[in-house]
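# Tertiary structure, described
One letter stands for each residue in the lines below.
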Amino acid sequence: MDGRRKLLVVANRGPVSYGRSEAGERVVLRGGGGLVTALRSLVAHHDVTWIASAMSEEDRVVAAEHGGDGFDETARDGSVYRLRLVAHDPSAYDWYYNVVANPTLWFLQHYMWGLPYGPDLDLGLHHAWFNGYLPVNEAFAGAVVAELEREPEAAVFLHDYHLYLAPKLIRERRPDAVMTHFIHIPWPQSDYWTVLPEHLRRAVHEGLLANDIVGFHTERWKRNFLRACLDVLGAEVDEAEGTVVHAGRRTVVTSHPIGIDPVEFDELKDAPAVLEEEQLITAGRPEFLVLRVDRTDPSKNVVRGFRAFGLCLDLHQDLRGRVVLLALLDPSRQDIPEYSEYLAAMQREARAVNDRFHGEGWTPIDLRIADNFAQAVAAYKQYDVLLVNAVFDGLNLVSKEAPLVNDRDGVLVLSENAGAHEELGEWAVTVNPFDVYGQAQAIYAALTMPVEERRRRLEETRAHVRSHDLAAWIAAQLADLDAVAPRVAQH
């Protein structure tokens, strides 16, 4: 079809996963994570093959039924795409995901180590790298090469920190492949990469530089990557042009902050499940509602946020009994010790604040740990202050989703280390995520801001989010591909 191009989307998670109903019948479940949502329109408008890990037991059965080959699947809008599930050795996948990708790479890229105390990169990490991360990346590379044999004109669109080694492995077997790799998390400054042993940090950067394009959400992460290529590899870097030359290859480095689909949220805000949840929130809400919607991830900085809210109540006693912090937290990676320990720390801190201040039917922190998206959207509509105080964040979609549907001229309090700050900072109240006092004062300033100023900030944020939407982000990715390899665009 005219304008359709062949794309191989490569990511750890697929757009669907498979399970069994109580009756024993196979069911198709929507895949988790924002990436699935972000790339949904690609499936609708292009010839897409999605390569992903077989994550559930039923995924593995489905993969085996197709001999590890791809097969046709149907998206929710009826679009047909090809899905190829890569089944990994369970031990290898565990080492790949639970030792290397999370927490090692995730912690490194979010500056989450207290270096005097951790990490201790012992034999376990080296074992997990060579017996987990490398074999899983090799399996992905093999699947991509097989699909390129079938569709030689397809462009390869890789995603995130799970697949840093795959591009080089693909390039070795298909020197002509057209590849772009988008990193959805921060890229730390080059000094922080020295925490990894030299051969591992070199492997990460060499793997990525096998791509034609490497993309980030912000100029900040892009600058850090360019500098790291110079410092880690001694590559030839042109910061003005945004290019790196290494091992005879030229890689273009870009920044395009991902957007959301405004139409989806326009529809969601009036969905029956959302209206039902909103009714429950409005029935119990105080005069002011401070909201945070996060995963229970240490990078989200929930504990300091709770401390800041407690300090705000200390400093501004007039707020007591009039404001509640509603924390809607989606449990994340609880099989990783650091995550389960952080969840416990959040619960302790919330309890400490509540024990100190509660009274006369008022509990200052309403902590809810569940995966309930309808409840989150309902709360988006009702907040007076949205607290996003991440230690570091690649972007942060909550800071874009919530203002779009808010009905109360809500104010965004935003960490300067969230990628979204590059776009939204001029309309937000900016906070340093480590400054608990500063966050306490920011919450108070947001709560007491004149309504005209609140409305102006919200309306300008909304206008930006609508004009820099998901479709614009995807168009930018495809335009980058056209610029480096016009042959993949079939007009």
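First things first, this report covers the structure right here in the doc. Numbers given for residues are sequential positions, taken from 1 along each chain in its written order. Whole-chain, interface and lining totals are the exception, using all residues; otherwise, since this is a predicted model, local features are given only for residues with pLDDT of at least 70 and side-chain atom pairs are given and counted only at 80 or more. Side-chain metrics in this entry use all non-hydrogen atoms of the structure; hydrogen atoms and water are not considered.

## A few points about the overall build of the chain
Within the chain one finds 19 helices and 18 strands. Residues are treated as being in contact if the distance between any of their heavy atoms lies within 4.5 Å. Contacts in the chain between residues far apart in sequence, at least 24 positions, make up 76% of those at least 6 positions apart. Accessible surface for the chain amounts to roughly 19700 Å². Of this, 50% is attributable to carbon and sulfur atoms. For the chain, the separation between the mean place of its 49 positive charges and that of its 73 negative charges on side chains is 1 Å. Helix and strand definitions follow DSSP, with helices as H or I runs of at least four residues and strands as E runs of at least two, each counted in order from the N terminus. Computed with a 1.4 Å probe, the accessible areas rest on the Shrake-Rupley method; for each residue, only the protein chains presented here act as cover. His is not counted here, nor are the chain ends, while Lys and Arg score as positive and Asp and Glu score as negative. Working definition for charges: the position is that of NZ of Lys, CZ of Arg, CG of Asp or CD of Glu.

## A closer look at the sheet that holds strand 17 (residues 411-415)
Should DSSP find at least two bridges between two strands, the strands are regarded as paired. Read across the open sheet, the six strands follow the order 15-14-13-16-17-18; overall the sheet is parallel. The strands lining the two open edges of the sheet, one partner per strand, are strand 15 (365-369) and strand 18 (429-431). Neighbour-to-neighbour, the strand axes of the sheet open up by a mean angle of 20°, direction not taken into account. Two strands pair when backbone bridges link them, and strand 13 (residues 288-295) and strand 16 (residues 385-388) are joined in this way by two bridges, in the parallel orientation. Looking at strand 16, one finds that Val290 is bridged to Val385. The axes used here are C-alpha line fits, helices contributing only the stretch in contact, and every angle between their N-to-C directions lies in the interval 0 to 180 degrees.

## Description of the pattern of salt bridges
By definition, a salt bridge exists where a carboxyl oxygen of Asp or Glu is found within 4 Å of a side-chain nitrogen of Lys or Arg. The full count for this structure, using the stated rule, is 40 salt bridges. Residue Arg84 pairs with Asp69 through a salt bridge whose shortest N-O separation is 3.3 Å. With Arg84 in strand 6 (residues 80-86) and Asp69 in the loop between helix 3 (57-65) and strand 5 (71-74), this residue pair connects regions lying 15 residues apart in the sequence. With relative accessibility at 36%, the residue Asp69 sits in the partly exposed group. Here Lys400 makes a salt bridge to Glu423, at a shortest N to O gap of 2.8 Å. Taken together, the positions of Lys400 in helix 15 (residues 398-405) and Glu423 in helix 16 (residues 421-424) put the pair 23 residues apart, joining distant regions of the chain. Like Glu423, Lys400 is buried. Overlapping salt bridges, with partners in common, bring together Lys6, Asp47, Asp69, Arg82, Arg84, Glu147, Arg150 and Glu151 in one network. Classification of residues uses two cut-offs on accessible area relative to the type maximum, computed with a 1.4 Å probe and protein chains only: under 20% is buried, over 50% is exposed, and between them is partly exposed.

## Comments concerning the layout of surface pockets
Space inside the second largest pocket adds up to approximately 370 Å³. Here a cavity means grid points, on a 1 Å grid over the protein atoms only, where a 1.4 Å probe fits yet cannot get out; a pocket means an open set of points with protein on both sides within 12 Å along at least five of seven lines; lining residues are those with an atom within 4 Å of a point. Surrounding the second largest pocket, 17 residues form its lining, Met112, Pro298, Arg304, Tyr342 and Val391 being those nearest its centre. Contributions of two or more residues to the lining of the second largest pocket are made by helix 12 (302-315) and helix 13 (337-357). The element contributing the most residues to the lining of the second largest pocket is helix 13, with four residues. Each residue gets one label: Ala, Val, Leu, Ile, Met, Phe, Trp, Tyr, Cys and Pro are nonpolar, Asp, Glu, Lys and Arg are charged, and the others, such as Gly, are polar. Tallied by class, the residues present in the lining of the second largest pocket amount to 11 nonpolar, two polar and four charged. Grid points are joined across faces, edges and corners, and a volume is the space filled by probe spheres set on the points.

## Remarks on the sheet that holds strand 12 (residues 249-255)
In spatial order, the strands read 5-6-4-1-7-8-9-12-11-10; together these 10 strands make up an open sheet with mixed pairing. With partners counted over all chains shown, the strands left at the sheet margins are strand 5 and strand 10 (236-238), one partner each. Shown here is a sheet whose adjacent strand axes are inclined to one another by a mean of 25°, direction ignored. Where strand 8 (residues 178-182) and strand 9 (residues 213-216) come together, three bridges link them in parallel fashion. Its bridge partner being in strand 9, His181 is matched across the sheet by Val214.

## Focus on the packing of aromatic side chains
The way to describe two aromatic rings as a pair is by their centre distance and the angle between their planes. Each aromatic pair joins two rings of Phe, Tyr and Trp (for Trp, the six-membered one) with centres within 6.5 Å, and gets the label stacked for planes under 30 degrees apart, edge-to-face for over 60, and tilted for any other angle. By the definition in use, this model includes 17 aromatic pairs. Ring centres of Tyr93 and Tyr96 lie 5.2 Å apart, and the angle between their planes is 50°; this geometry places the pair in the tilted category. With a gap of three residues between them, Tyr93 and Tyr96 both fall in helix 4 (residues 90-109), about one helical turn apart. Overall, the relative accessible area of 16% leaves Tyr93 in the buried class.

## Concerning helix 13
For a helix, the expected span equals 1.5 Å multiplied by the number of residues minus one. Helix length check: helix 13, at 21 residues, gives a terminal C-alpha distance of 31 Å against a target of 30 Å (1.5 Å per residue), a fit within 8%. Of the residues making up helix 13, those classed as buried are Tyr339, Tyr342, Leu343, Ala345, Met346, Glu349, Ala350, Val353, Asn354 and Phe357. Angular distribution of buried residues about the axis of helix 13 spans 165°; they occupy a single face of the element. The outward face of helix 13, more than 90 degrees from its buried face, is lined by the exposed residues Glu341, Arg348, Asp355 and Arg356. Those residues of helix 13 that are buried lie in contact with helix 4, helix 12, strand 14 (323-330) and strand 15. The arc in question is traced by the directions running from the helix axis to the C-beta atoms.

These figures capture arrangement, not role.
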